[in-house]
Amino acid sequence: MRNVQFLTGFALLILASSLASAFDPSPLQDICVAIDEPKNAVFVNGKFCKDPKLARPGDFFLSGLDKPGNTANRLGFSVKNANVDQIPGLNTLGISAVRIDYAPYGQNPPHTHPRATEILTVLEGTLYVGFVTSNQLNNTLVAKVLKKGDVFVFPIGLIHFQFNIGKTNAVAIAALSSQNPGVITIANSVFGANPPINPDFLSKAFQLDVDVVKDLEAKF
Ligand SMILES: *[C@@H]1O[C@H](CO)[C@@H](O)[C@H](O)[C@H]1NC(C)=O
């Protein structure tokens, strides 16, 4: 009996602590540098809001996601965004979407969204997709081949990718749990940083010859 009471109490404690906020509010912008004198500048975590009486249907609307993006580029893919920059009504709502087109053997290279989990649905084609868990979970690759109608989830913050392994174009629609998910493309961030990260440093970090690093930095 004592044990049951203890367990019930413990369960209530867990419930109470999970009802209280378990982590900081999600930031809605990449950086928000604090200032000493708030009167010098005012920023909000997101965007300012217009008078709700002035809201129009067009504030919650976007068209054109039926049209393929241009995949004639080095990686053979294109992304059309439907986030708060295209749909102002999304401000504060914690959600957005993208259409992604892939040429045959095109890829959406390894990247992460610092502020969003993504749920992707394949509309056409065959995609090899995956994400990699963090160091704590031993950098485990969780990957799968998706066909038309298949759905896959990329958890917030984790590095993930999609690769069109079919001989035809592929199309996917994804929803993301932020009005402004952000994108960090790994190769661009590491080898394309501006100004460049010291090649000697990257050479050791990636265990690559320094000339290979310089070559990569020139490409990105
Ligand atoms: C990660 O690797 C360690 C050491 O091999 C192991 O003890 C642990 O169970 C692994 N964790 C997971 C989530 O695979």
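Residues numbered from 1 in each chain as written. Predicted model: local features only at pLDDT ≥ 70, side-chain atom pairs only at ≥ 80, totals over all residues. Heavy atoms only, no water.

- For the protein chain, an unreviewed UniProt entry supplies the name Germin-like protein and the organism Citrus clementina.
- Turning to the protein chain, the UniProt annotation filed under Function (unreviewed entry) states: "May play a role in plant defense. Probably has no oxalate oxidase activity even if the active site is conserved." (UniProt positions renumbered as here; feature names shortened; annotations may be inferred.)

### With respect to the overall build of the protein chain
Okay, so step 1: A count of helices and strands for the protein chain gives four helices and ten strands.
Okay, so step 2: Along the protein chain, helices and strands appear, N-terminal first, in the series α-β-β-β-β-β-β-β-β-β-β-α-α-α.
Okay, so step 3: Taken across its 220 residues, the protein chain has 30% of its residues classed as buried.
Okay, so step 4: Long-range contacts, defined here as pairs at least 24 residues apart, represent 69% of the contacts in the protein chain between residues at least 6 apart. (Helix = DSSP H or I, 4+ residues; strand = E, 2+ residues; numbered from the N terminus. Buried < 20%, exposed > 50% of the residue type's maximum accessible area, 1.4 Å probe, protein only. Contact = heavy atoms within 4.5 Å.)

### Quick look at the pairing of strand β9 (residues 170–176)
Okay, so step 1: When you tally the buried positions in β9, you get five out of seven residues, the bulk of the element.
Okay, so step 2: Of the strand pairs in this sheet, strand β2 (residues 96–102) and β9 are connected by seven bridges, and their pairing is antiparallel. Bridging across to β9, V98 finds its partner in A174.
Okay, so step 3: Sheet topology places strand β4 (residues 118–124) next to β9; six bridges connect them, and they run antiparallel. Residue L120 lies in a different strand from β9, and its bridge partner there is A174. (Pairing = 2+ DSSP bridges.)

### Here we look at the packing of helix α3 (residues 199–206) against helix α4 (residues 210–219)
Okay, so step 1: Interaxial distance between α3 and α4 falls to 8 Å at its minimum, and their mutual angle equals 110 degrees. Judged on the interaxial angle alone, α4 and α3 are roughly perpendicular. Helix-helix and strand crossings are classified by hand; for α3 and α4 the assignment is right-handed. For the pair formed by α3 and α4, the contact residues are P199, D200, L202 and S203 on the first element and V210, V213, K214 and E217 on the second.
Okay, so step 2: Taken together, the residues of the contact of α3 with α4 break down into four nonpolar, one polar and three charged. (Axes fitted to C-alpha atoms, helices over the stretch in contact; angles between N-to-C directions. Parallel < 35°, antiparallel > 145°, perpendicular 65-115°, else oblique. Left-handed = near helix turned anticlockwise from the far one by under 90°. Nonpolar A, V, L, I, M, F, W, Y, C, P; charged D, E, K, R; others polar.)

### Some details on the nonpolar core
When a protein is soluble and globular, its nonpolar side chains tend to lie buried together.
Okay, so step 1: Residues Y102, L120 and L127 are the most contacted members of the largest nonpolar core, which totals 18 residues.
Okay, so step 2: Sorting the residues of this core by element identifies β2, β4, β5 (127–132), β7 (151–154) and β9 as the ones contributing at least two each.
Okay, so step 3: Take this core: its biggest share by element is four residues, from β9.
Okay, so step 4: With sequence-adjacent residues up to four places away left out, Y102 is seen in contact with T71, G76, F77, N108, L120, L127, Q162, N164, N169, A170, V171 and A172. (Core = buried A, V, L, I, M, F, W, Y, C linked by side-chain atoms within 4.5 Å.)

### Concerning the UniProt feature "binding site: Mn(2+)" (unreviewed entry) in the protein chain
Okay, so step 1: Residues given the UniProt feature "binding site: Mn(2+)" (unreviewed entry) here are H111, H113, E118 and H160. The annotated residues occupy 50 residues of the chain but converge on a single region, no pair of C-alpha atoms lying more than 12.0 Å apart.
Okay, so step 2: Turning to its location among the elements, H111 is positioned in strand β3 (residues 107–112).
Okay, so step 3: Tracing the backbone through its elements, the reader meets H160 in strand β8 (residues 159–164).
Okay, so step 4: Residue contacts for H160: discarding those within four places in its chain leaves P109, P110, H111, T112, H113, E118, G130, F131 and F154.
Okay, so step 5: There is a polar contact of 3.4 Å between the side chain of H160 and the side chain of H113. (Polar contact = N/O pair within 3.5 Å; in protein donor to acceptor, adjacent residues only side chain to side chain.)

### Re the side chain of H113
Okay, so step 1: Here H113 lies in the loop between β3 and β4.
Okay, so step 2: For H113, the side chain forms a polar contact with the side chain of E118, separated by 3.0 Å.
Okay, so step 3: For H113, the contacting residues outside a window of four places in its chain are E118, I156, G157, H160, L176, P181, G182 and V183.

### Let's talk about the packing of aromatic side chains
Okay, so step 1: Within this structure, the stated rule accounts for four aromatic pairs.
Okay, so step 2: Ring plane angle 50 degrees and centroid distance 6.2 Å describe the contact between F131 and F152, whose orientation is recorded as tilted. A residue pair is termed long-range when its members are at least 10 positions apart, and F131 in strand β5 and F152 in strand β7 qualify at 21 residues. Neither F131 nor F152 differs from the other in exposure class; each is buried. (Phe/Tyr/Trp six-rings, centres within 6.5 Å; stacked < 30°, edge-to-face > 60°.)

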